[in-house]
Structures are given as structure tokens and as C-alpha cells.
Number of protein chains: 2
Amino acid sequence: MDQHKPNGSQQHPQPNALPALSLSILGVEPLDEFIKEIADFVHHMIKTRRTDHPDEVGSFEVEAKIGVLKERGTGSRLQMPVLVETIMSPEFHDVRFESNMSSHQHKHFNGLLNNLTATSNQPSHPSSPLHHSHHFLKDSFYTSDRGKIRVTRDEKTDAVECIQKIRLGDLNIYSPKRSADWRVSVSVEVPCPRPIGTATLTRRKDRLSYSHEEFSIDLTQVTSTTSAAAAPQIFHELEVEIARPDMLLSTAARRGDPNVPELERSAFDELIRAFVNNARILVRNSIDGWQ
Amino acid sequence: MDQHKPNGSQQHPQPNALPALSLSILGVEPLDEFIKEIADFVHHMIKTRRTDHPDEVGSFEVEAKIGVLKERGTGSRLQMPVLVETIMSPEFHDVRFESNMSSHQHKHFNGLLNNLTATSNQPSHPSSPLHHSHHFLKDSFYTSDRGKIRVTRDEKTDAVECIQKIRLGDLNIYSPKRSADWRVSVSVEVPCPRPIGTATLTRRKDRLSYSHEEFSIDLTQVTSTTSAAAAPQIFHELEVEIARPDMLLSTAARRGDPNVPELERSAFDELIRAFVNNARILVRNSIDGWQ
């Protein structure tokens, strides 16, 4: 892993050594187009969201799922004539995104994240520590006149949450140098009353949740059941999420505001930068074994 | 223009303010895949070049030309379903690169670079100063048994240079958010004896050369003549070049060498980073008006 480290003034001149370089003719690094595109997308989703109807007011959720982009026709992984990670146009509909990984891949990430949790709790680690927690959740989905409702019960605490999750938009990121692609999704989770009737689908989630600063990295094994007669299906997923919807919203509100101090004005972009960095680190550590 | 500026420890906690963030769960920024790809490409071209034949020993030239990628079939600018700048696979042959810009675009860059030269020479400027020089050159091309030879005469100094330029490879960079694309080319310029006979093509170059640290930014008006009978054609070009072939070669030789100090080991990548940053800044300042 590399940090941006321009040759600094501490350099001792050597024969044939490159003199200290400015970052560019302007003296600065040009804006990272990739991170700005994702920040603009998330910001646009948040700012254009209707909030005039009480049934639609909820928390914004921004997540990056690790997976594979597959061509709709062939079912093979997308192939584009580009050499590096890029953001697909949302108008490009010839792909679907699959976030299901093999149990081998899941185990690999589990090992990596457990190691990182251990090393990051040592005093010499350059970043703040990760913490992990283990959750057993049961989701039940109901169809109601306002759409699909998810009831989630925490099997340890018995806490119950009823929400309607409204997907606002996705951006697919194609990553030809790596074993996996990724997708950024923005949703609103609207709390709602507990539905009555029978669930159309239930799933159990065995989730290892790694928290780091403003992010939650969730490694989940999902066992999904459509009916008592059908065999349950098992999926494995990895996602990074911005942990605090209120922080997301307050930094988005002050993005670029000339009336607030520079640190607050750029806080949203810094949040998205770290979010993108984390997603990239996970993708770059992925191994083969997507299903 | 933005610099990478993570929230630092100087932040004063505010209600709702984002706490200082690490760059990622690893505490570092993940490697920039785009810049590394270009560095790997240039490095590969240099390291795999045959040097066992005296007629093929010369100086490496690395340049980025600003232009437009056009679809071979339609002649329109390339359209790909991606949102941000990306590097095209060299196996993708459906495009050609055109570096000719309009005289309006040429004038626009001339103004920008003159302004930057003026402001960069003021003490308050964050980067080292640019310098410019004006050259009038005449190229004559000859066909010989060893290939095409270029004889360049500096019309002010009468200095003459005879070289055979051997193109080693190109990388095309598609830049959908901007008015222009760009291309990185690696060539070898092999000095050779002055040819005899008649030139097949002559061109006059009116070149404004802006130098900044290890780079030369050349804004050139080319008047090209194939025969006395044919009307001359006028082209306008903009390119960034790594100015010192010996520095390029010596940093490439020490890239990643564990036996040299870290600053020397990473000098090649820092040279390419500044080169890419400069090309990006020029592309991002391009206006419409490509021919």
C-alpha cells in the first residue's frame, strides 16, 4: 500500500538523484475524478430526495458491496477494453451485479479482517483500532400496500426493527485488475409499523461487523428461505457502510458551503474519500472464488 | 484544484463535526491504480528495449499528447459507458488518436500557460516557476534503408539534429468528462548520420516551450508540406514531455531496488506521478474545438 508522498524538502541531493518535484505545474495534485464522481453521486441522491411526505422520511444508507459485474447475455464477468478501475455509466444496463461470494472467499476476508482487528489494536498501528461484534439477525419480508417491509429481529437481544428500504440509486465500479468489482448504493430506510400477515421470505444473517471510525464493514452469511418446502439457500456478502446517517446528512448539508470553516465544508468529501479507500482495499484483497 | 488533505489533528471538535478520519482501515491511501499502470507501462517499455545493436541505442522519450480518441468506423469521438477517465487496453484497435486542435484551442492554452508562467514567477506561488522559450524549427523527413529519418534544423541557431524516432508503444486515455483525451507514448530517438537525397516531407514548427522542473510543455503550430505543388497544412499540438532522458533512465533503473534509499527507489514513480498530474491539468483545462 502506497501513500502519496511527494519528494519533500528533506531530500539530500545525490548524484543522479531526482530533485524534489512539485506535484504539478500548479503545485497541487489535480482533483481525483473517481472519488469526486462518487461524492457527487451520493450528494445528488441525498439532496434530491423528497422529504415532503412523512411516510418517506428516513435515514440515508450509503454502502459499497463487493461482488462481480456480469454480462446479462452470457452470464460471464463483464469485459471492457480498459486497464484500470472505472465507474460504469448508470445508463449501461447490460450488466447485473452479484454480491454473492464463495464460502472460501468469505473465510479469506474473515481472516484478513480478524488479523487487522488484532494488529490495529496494538499501539504501533498507524490507524485507529477496528472493533468487531457478532450478530445473529432474522429478517422477515412482508408485502404491504406501501411496498416491501423488512422486519429484523436481533436474536441475541430480541430487539425488533421494521423498515421499508427504498433504493435511490447505484453506481457500478468495474475493476479489471482485481478478482472483484463493486457497487455503491444509496438507499433510504424508512421506519414503519410492524406489519401483520405472513412473511413471503425469511433469512437468517450471521454477521461479523467490523467497525472503524465512521464505517462498518459487514461480513455476512445469509441463509434464505422462501417456503417451508424449499431448501434454504446460503449466500456470503461483504459490504462497507457509512455508520452514522446523521453524520452523513450533516456533512452533506455543509458540502462546499462558503459560510462554514474549510474543514466542515470538505468533511463530506473526506468521508467519501475514506469510504472509497476502504472499498478499494477490500476489493484489492479479494481472491478468486466468486460464484 | 484539490489537494489530498485528510482532516488533521489540528481540528477543533465542533458539534456535528466529522472527527479526524484515517485515510482508510489500513491508515494509508490505497495505491493509485491509474498512475501505477502508466508507470508500469513506461517502465516495461524502457526495460524490455533491445540495446544490443549500436544502431538502436538512443534516448528514451516519454510524452503525453492532448487530443481526441475517434472511432475508426464513424470518425466521431469515442463513446464508452464509463463516467471517469480510464486507460484503454492496447488491444482495443477501434480508435485512432488525433492530436490536432483548433487554432482557437491553441490560443486558449497559450493564454493559460503564459498566465501560469507569469504567476509562477511571483514569490507567493506554491510551485517552482515556469520558463518559456520560443523556437522555430524545420523538420525534413528522409526515407533510408534503416527507416524514416528526421533532420531538424533550429532556424535561430542553425543547429542540426538527425534522428530516427522508433515508437515503442502508446497508451490511450479516455476522458469522458473533458473536452479532450490523451495519449502517452514511449519512443527511442536514435542519432544517425545526415541522410542524402530529397526530403519526402518538410514541416516548420513554431513552438512555445514551457519548462517546469523535469518537464517540458510544448505548444506547437506545425506547417506541413508534402510537395511544392500541394497547399501546406497547418496543425496545432500540445504535449508534455519528460525533459531529461538520462534522469528518466537512471530513475527507471533504480525503481523498486531494495538496495537504494527509499527516495531513490520511488523516484521513477514520483516522476511519472507529476507527469500524469501535468497531463491531467492540461486535459482538464481544454475547451471544445477539437477538429
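Heads up: the structure comes first, above all this text.
Residues numbered from 1 in each chain as written. Chains lettered and ligands numbered in written order. Predicted model: local features only at pLDDT ≥ 70, side-chain atom pairs only at ≥ 80, totals over all residues. Heavy atoms only, no water.

A word on the overall build of chain A. Across its full length, chain A carries five helices and 10 strands. Its C-alpha atoms put chain A at 80 × 45 × 45 Å along the principal axes. Looking at chain A as a whole, 51% of its 291 residues qualify as buried. Within chain A, counting contacts between residues at least 6 apart in sequence, those at least 24 apart form 65% of the total. (Helix = DSSP H or I, 4+ residues; strand = E, 2+ residues; numbered from the N terminus. Buried < 20%, exposed > 50% of the residue type's maximum accessible area, 1.4 Å probe, protein only. Contact = heavy atoms within 4.5 Å.)

Below, the discussion takes up the pairing of strand E7 (residues 181–191) of chain A. In the case of a regular strand, side chains alternate between the two sheet surfaces. Residue and element names in this part refer to chain A. For E7, the tally of buried residues reaches 10 of 11 residues, placing the bulk of the element in the interior. In this sheet, E7 lies alongside strand E1 (residues 59–71) in antiparallel orientation, the contact comprising nine bridges. By the bridge assignment for E7, Glu-63 is matched with Ser-185. Here strand E6 (residues 160–174) folds back onto E7, and the loop between the two strands holds six residues. (Pairing = 2+ DSSP bridges.)

Mapping chain A onto chain B calls for a rotation angle of 180 degrees and an axial translation of 0.0 Å; the resulting RMSD is 0.0 Å. The operation mapping one copy onto its partner corresponds to a two-fold rotation axis. Rotation axis and chain A: the residue whose C-alpha lies nearest the axis is Thr86(A), separated from it by 3.2 Å. Interface overlap between copies: 100% of the residues of chain A at the interface are likewise at the interface in chain B, consistent with a symmetric, same-surface contact. (Least-squares fit on C-alpha atoms with pLDDT ≥ 70 in both.)

Below, the discussion takes up the interface of chain A and chain B. With 73 residues of chain A at the interface, the matching set in chain B holds 73 residues. Roughly 6900 Å² is buried in total at the junction of chain A and chain B, and carbon and sulfur atoms are behind 60% of that figure. Linking chain A with chain B are eight salt bridges, by the criterion used here. For the interface between chain A and chain B, the tally reads 24 residue pairs in polar contact (both at pLDDT 80 or more). When residues of the side of chain A that touches chain B are traced back to their parent elements, those giving at least two are helix H1 (33–47), strand E2 (86–87), helix H3 (245–253), helix H4 (262–265) and helix H5 (267–284) of chain A. At 11 residues, H5(A) tops the list of elements feeding residues into the side of chain A that touches chain B. Of the residues contributing to the side of chain A that touches chain B, the split by class is 35 nonpolar, 19 polar and 19 charged. (Buried area = accessible area lost by both parts, 1.4 Å probe. Salt bridge = Lys/Arg side-chain N within 4 Å of Asp/Glu carboxyl O. Polar contact = N/O pair within 3.5 Å; in protein donor to acceptor, adjacent residues only side chain to side chain. Nonpolar A, V, L, I, M, F, W, Y, C, P; charged D, E, K, R; others polar.)

Glancing now at the pattern of salt bridges. Scanning the model with the defined rule gives 57 salt bridges over all chains in all. Here Lys36(A) makes a salt bridge to Asp40(A), at a shortest N to O gap of 2.8 Å. With Lys36(A) and Asp40(A) both in helix H1 and four residues apart, the pair spans about one turn of that helix. The class of Lys36(A) is partly exposed, set by a relative accessible area of 35%. Accessibility expressed as a relative area gives 27% for Asp40(A), which makes it partly exposed. For the salt bridge of Arg265(B) with Glu262(B), the shortest nitrogen-to-oxygen distance reads 3.6 Å. With Arg265(B) and Glu262(B) both in helix H4 (residues 262–265) and three residues apart, the pair spans about one turn of that helix. Exposure remark for Arg265(B): the relative accessible area of 27% places this residue in the partly exposed category. What makes Glu262(B) partly exposed here is its relative accessible area of 40%. Three or more residues are tied together by salt bridges with common partners; here these are Glu61(A), Glu63(A), Lys65(A), Lys165(A) and Glu239(A).

Residue and element names in this part refer to chain A. Of note, Leu-168 is situated in strand E6. Under the relative-accessibility criterion, Leu-168 is labelled partly exposed at 24%. For the pair Leu-168 and Ser-187, spaced 19 residues apart in sequence, the C-alpha separation works out to 5.0 Å. Dropping the residues within four chain positions of it, Leu-168 is found in contact with Met-45, Arg-49, Phe-60, Val-186, Ser-187 and Val-188.

Moving on, we come to the packing of aromatic side chains. Under the defined criterion, the tally for this structure stands at four aromatic pairs over all chains. Taking 6.1 Å as the distance between ring centres and 45 degrees as the angle between the ring planes, the aromatic pair formed by Phe34(B) and Trp182(B) counts as tilted. Here the residue Phe34(B) occupies a position in helix H1 (residues 33–47), and Trp182(B) occupies one in strand E7 (residues 181–191), the gap between them amounting to 148 residues. Neither residue differs from the other here; Phe34(B) and Trp182(B) are each classed as buried. Looking at Lys148(A), its charged tip hangs above the ring of Phe141(A), at a distance of 5.0 Å from the centre. (Phe/Tyr/Trp six-rings, centres within 6.5 Å; stacked < 30°, edge-to-face > 60°. Lys NZ or Arg CZ within 6 Å of the ring centre and 35° of its normal.)

Right, let's talk about the pairing of strand E3 (residues 95–98) of chain B for a bit. Residues and elements named next belong to chain B. In E3, alternate side chains face the same way, and those of Val-95 and Phe-97 are buried while those of Arg-96 and Glu-98 on the opposite face are not. Pairing geometry for strand E1 (residues 59–71) and E3, over four bridges, is antiparallel. Directly across from Glu-71, in E3, lies its bridge partner Val-95.

Turning to the packing of H1(B) against helix H3 (residues 245–253) of chain B, a few remarks are in order. All names here are of chain B. At their nearest, the axes of H1 and H3 sit 11 Å apart, and the two run at 95 degrees to each other. Between H1 and H3, the crossing angle belongs to the class labelled roughly perpendicular. When H1 is examined against H3, the residues His-43, Ile-46 and Lys-47 are found in contact with a partner set consisting of Leu-248, Leu-249, Ala-252 and Ala-253. Grouping the constituent residues of the contact of H1 with H3 by class yields five nonpolar, one polar and one charged. (Axes fitted to C-alpha atoms, helices over the stretch in contact; angles between N-to-C directions. Parallel < 35°, antiparallel > 145°, perpendicular 65-115°, else oblique.)

Residue and element names in this part refer to chain A. Take Glu-239: it is sitting in strand E10 (residues 233–242). For Glu-239, a relative accessible area of 7% puts it in the buried group. At a separation of 3.0 Å, a polar atom in the side chain of Glu-239 contacts the side chain of Lys-65. Residues in contact with Glu-239, not counting those within four places in the same chain, are Glu-63, Ala-64, Lys-65, Arg-207, Ser-216, Ile-217 and Asp-218.

A few words on helix H2 (residues 103–120) of chain A. Residue and element names in this part refer to chain A. Helix length check: H2, at 18 residues, gives a terminal C-alpha distance of 25 Å against a target of 26 Å (1.5 Å per residue), a fit within 8%. Within the sequence span of H2, burial applies to Gln-105, His-106, Phe-109, Asn-110, Leu-113, Leu-116, Thr-117 and Ser-120. One side of H2 holds all its buried residues, which, seen down the axis, span an arc of 140 degrees. Residues His-104, Lys-107 and Asn-115 are exposed on H2 and point more than 90 degrees away from its buried face. Where H2 is buried, its residues touch strand E4 (131–144), strand E8 (201–212), strand E9 (215–225), E10 and H5. (Expected span 1.5 Å × (residues − 1). Arc of directions from axis to C-beta.)

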